[in-house]
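# Structure at a glance
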Amino acid sequence: MLSLIICSRGAIIPNELTENIHSTVGAEYELIVIDNSQNNYSIFSAYNEGVRHAKYPYLCFMHDDILFNTNEWGKMVIAHFQDENVGLI
């Protein structure tokens, strides 16, 4: 139940990133890619645009040039938010 929001410098994100997320997240997710190839957005406005489209309660803001090395990291993120004292990681 994660909304993964990516501000992309290209019109599409690399397949390597899409495959990496799918194989490591371990939780239900949606991928929201904001195309910023024309520099129409600041990083803040791009992420806000992604939030407007998000359907899940947990938001993960990320860049398009990272890869995850931890399996089931999405489950771990959600587990942290089960603690009512946690509002941001």
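Let us look at the structure shown here. Keep in mind it's a predicted model, so treat the numbers as computed, not measured.

What counts, and at which threshold
Residues numbered from 1 in each chain as written. Predicted model: local features only at pLDDT ≥ 70, side-chain atom pairs only at ≥ 80, totals over all residues. Heavy atoms only, no water. Buried < 20%, exposed > 50% of the residue type's maximum accessible area, 1.4 Å probe, protein only. Helix = DSSP H or I, 4+ residues; strand = E, 2+ residues; numbered from the N terminus. Arc of directions from axis to C-beta. Phe/Tyr/Trp six-rings, centres within 6.5 Å; stacked < 30°, edge-to-face > 60°. Pairing = 2+ DSSP bridges. Right-handed = clockwise from strand over helix to strand, strands pointing away. Axes fitted to C-alpha atoms, helices over the stretch in contact; angles between N-to-C directions. Contact = heavy atoms within 4.5 Å.

### Structural notes on helix α3 (residues 73-80)
The complete set of buried residues in α3 reads W73, G74 and I78. Viewed end-on, α3 has its buried residues packed into an arc of 140 degrees, placing them on one side of the element.

### A short note on the packing of aromatic side chains
Aromatic ring pairs are defined here through the distance separating the ring centres and the angle between the ring planes. Taken as a whole and assessed by the stated rule, the structure comprises three aromatic pairs. Geometrically, the ring pair formed by Y58 and F81 is stacked, given 5.3 Å between the ring centres and 25 degrees between the ring planes. Note that Y58 is positioned in strand β3 (residues 58-63) and F81 in the segment after α3, a separation of 23 residues in sequence. Residue classification places Y58 among the buried residues on the basis of a relative accessible area of 18%. Each ring, one from F68 and one from W73, has its centre 4.0 Å from the other, and the planes form 10 degrees; the classification is stacked.

### With respect to the pairing of strand β1 (residues 2-8)
In terms of burial, β1 is a largely internal element, seven of the seven residues being buried. Residues L2, L4, I6 and S8 point to one face of β1 and S3, I5 and C7 to the other, with burial holding for every one of them. Relative to strand β2 (residues 29-35), β1 runs parallel, the two sharing seven bridges. Within β2, the residue paired with L4 across the bridge is L31. Following the chain from β1 across helix α1 (residues 15-24) to the adjacent parallel β2, one finds a crossover that is right-handed.

### Comments concerning the sheet that holds β2
Pairing is parallel across the open sheet formed by three strands, whose spatial order is β2-β1-β3. Both edges of this open sheet fall to β2 and β3, since each of them pairs with a single strand only. Taking the axes of each pair of neighbouring strands and ignoring which way they run, one obtains an average angle of 20 degrees across the sheet. Strand contacts of α1: β1, β2 and β3, with the helix running at about 160 degrees to β2, the strand carrying the most contacts. Against the sheet, α3 touches β1 and β3, its axis set at about 115 degrees to β1.

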